[in-house]
Amino acid sequence: MNEKVSAIICAAGKGERAGLGKNKLLAPLYGAPALYHTLKKFNIKEIGEVIVTSSETDFKEISALCKPFGYKTVLGGKTRTESVKNALEAVTGDIVLIHDGARPFVEKQLILNCIDSVKKFGSAVAAVKFTDTAAISQYGEISDYTDRENLYRIQTPQGFLTEDIKKAYRLAGDKSYTDDGAVYMRFIAPPRLVEGSENNIKLTYKNDFPREYPQVLPVSGQKIGFGVDTHAFGEGEFITLAGVKIPCGKSLIAHSDGDVIIHAVMDAYLSAAGLKDIGHYFPDTDESTLNADSAKMLEKVIETVKNAGYIGGNLSVTVQAETPRLSPYIDKMAHRLGEICKLPTENIAIAAGTCEHLGFVGEGLGITAYCAVLLKSNKEI
Ligand code: CTP
Ligand code: MG
């Protein structure tokens, strides 16, 4: 049977223990709000519907994060139990996975294993075995040791047949439970354990947020950059554009090989990564770049940008030239640019046009290229 799977992502807390002055889930993690990463993990074909709980305070912000994914946002309650209860009202799937927004590191395989477990056994609770020695303590003293063989740390996702968990929550009344498995166990049956993951930590305290990445990216973890370059025609036989030699009866005057497209691409990459322009990295007083192959320079730029934490997403190039006619070379240029940038050709678009005899390009004095690039954080989780 092909059951519809829904997911509830709990995000209606205050995140008080993190002490960040706002809901920890809206604090940046790898360049995007922590919750964004959790939402993204559930954007898989096996999940037919996602419902996200939010407090009134965060409703606008959380709805905006959910919108691009097509997820529904519902109001949570004062406790997690209340939040889940509210969200369950909106669930239309046969199976429901319940997950803490505060666990953005959840792996796809764990989500799939939970779905399988619900299909086979009716429930799923992600958990990891205790590895430390376990003891019970009161008043600062160990009062007893307990056998860690039977001890588990409970995580989410937790999955159930929707009908069962709805019934359990109905029977739970106003009482608060720490997790959904506890509600299921109390009113339905002992829930089935699924092996969780040590990576699947819950962001609880400030120190749970990894710090190695500048926390300034916009929502999607992507950054845009723009670059422009112009070279004048001089004497020669051919020009080089996007690494492709094109017969022209002229050349482009430059310190390097005069590849205006690649120069615009380099500036776009550097600008998106918030770095200085190509003049800084390849000054035209540098003898080593005299007549240099711009493709090699671009490879260096891509390495520099990678070290700054980004990889290329897609490139959009426009080149303006009265002559030569560039349309026969567009595909070849896009292919070559893809090779240099290590991007699939479909992520590269090159448009060419004239300037209708207007301005220096229109008068056939030179060529101008423009490039917009979208970079992605290479630290995505
Ligand atoms: N949660 C919820 N509704 C609540 C309380 C918590 O949906 N009324 C969500 C949180 O947003 C979080 C998850 O349940 O994703 C687990 O809760 P917890 O880690 O305790 O988060 P907070 O309650 O936000 O943090 P704190 O207890 O430190 O205030
Ligand atoms: Mg809490």
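An account of the accompanying structure is given in this report. (Residues numbered from 1 in each chain as written. Chains lettered and ligands numbered in written order. Predicted model: local features only at pLDDT ≥ 70, side-chain atom pairs only at ≥ 80, totals over all residues. Heavy atoms only, no water.)

**Quick word on the overall build of the protein chain**
When helices and strands are counted, the protein chain shows eleven helices and 18 strands. Taken against the 2.2 N^0.38 rule, which gives 21 Å for 381 residues, the C-alpha radius of gyration of the protein chain at 28 Å runs more than 25% over that of a compact globule. The 381 residues of the protein chain split such that 48% are buried. Considering only intrachain contacts with a sequence separation of at least 6, the fraction spanning at least 24 residues in the protein chain is 72%. Carbon and sulfur atoms make up 51% of the accessible area of the protein chain, which amounts to about 19200 Å² in all. Charged side chains of the protein chain number 43 positive and 47 negative; the gap between the two group centres comes to 7 Å. (Helix = DSSP H or I, 4+ residues; strand = E, 2+ residues; numbered from the N terminus. Rg over C-alpha atoms; globule rule 2.2 N^0.38 Å. Buried < 20%, exposed > 50% of the residue type's maximum accessible area, 1.4 Å probe, protein only. Contact = heavy atoms within 4.5 Å. Areas by Shrake-Rupley, 256 points an atom, 1.4 Å probe, with all protein chains shown as cover. Lys, Arg positive; Asp, Glu negative; His and termini not counted. Charge placed at Lys NZ, Arg CZ, Asp CG, Glu CD.)

**Some words on the sheet that holds strand β10 (residues 152–161)**
Judged by pairing direction, the sheet is mixed, and its seven strands sit side by side in the order β5-β4-β1-β6-β10-β7-β11 without closing on themselves. Of all strands in the sheet, those with a lone pairing partner are β5 (72–75) and β11 (193–195), marking the two edges. Direction aside, the axes of adjacent strands within the sheet are offset by 30° on average. Across five bridges, strand β1 (residues 5–10) lies against strand β4 (residues 49–54) in parallel orientation. (Pairing = 2+ DSSP bridges. Axes fitted to C-alpha atoms, helices over the stretch in contact; angles between N-to-C directions.)

**Remarks on helix α7 (residues 260–272)**
Helical periodicity: at 3.6 residues per turn, an α-helix aligns residues three or four positions apart in one direction. Relative to the 18 Å expected for 13 residues at 1.5 Å per residue, α7 spans 18 Å between its end C-alpha atoms, a close match to the ideal helical length. Most of α7 is tucked away, with twelve of its 13 residues classed as buried. Along α7, the residues classified as buried are Val260, Ile261, Ile262, His263, Ala264, Val265, Met266, Asp267, Ala268, Tyr269, Leu270 and Ala272. Once α7 finishes, Gly274 follows within two positions and takes phi at roughly 75°, a positive value. (Expected span 1.5 Å × (residues − 1).)

**A few points about the sheet that holds strand β18 (residues 366–377)**
Spatially, the five strands line up as an open sheet ordered β15-β12-β18-β16-β17, and their pairing is mixed. Looking at which strands have only one partner, the edges of the open sheet turn out to be β15 (251–252) and β17 (348–353). Relative to β18, strand β16 (residues 310–320) runs antiparallel, the two being bridged by ten bridges. Residue Leu315 lies in a different strand from β18, and its bridge partner there is Val373. Here helix α10 (residues 330–341) sits on the sheet and contacts β16 and β17; the angle it forms with β17, its principal contact strand, is near 140°.

**Some remarks on the nonpolar core**
With 48 residues, the main nonpolar core has Leu241, Ile261, Val265, Tyr269, Leu315 and Leu337 as its most contacted residues. Broken down by secondary-structure element, the contributors of at least two residues to this core are β13 (238–241), β14 (244–247), α7, α9 (294–307), β16, α10, β17 and β18. No other element matches α7, which puts ten residues into this core. Setting aside residues no more than four positions away along its own chain, Leu315 makes contact with Val265, Tyr269, Leu337, Cys341, Leu343, Asn347, Ile348, Ala349, Cys371, Ala372 and Val373. Core analysis: the second largest hydrophobic core is formed by 33 residues, Val5, Ala11, Tyr36 and Val194 among them. (Core = buried A, V, L, I, M, F, W, Y, C linked by side-chain atoms within 4.5 Å.)

**Comments concerning the side chain of Lys41**
Inspection of the secondary structure puts Lys41 in helix α1 (residues 34–41). Among buried Asp, Glu, Lys and Arg side chains, Lys41 stands out as unpaired, with Glu107 the closest opposite charge at 7.4 Å. In terms of polar contacts, Lys41 uses its side chain to reach the backbone carbonyl oxygen of Val106, at 3.1 Å. (Salt bridge = Lys/Arg side-chain N within 4 Å of Asp/Glu carboxyl O. Polar contact = N/O pair within 3.5 Å; in protein donor to acceptor, adjacent residues only side chain to side chain.)

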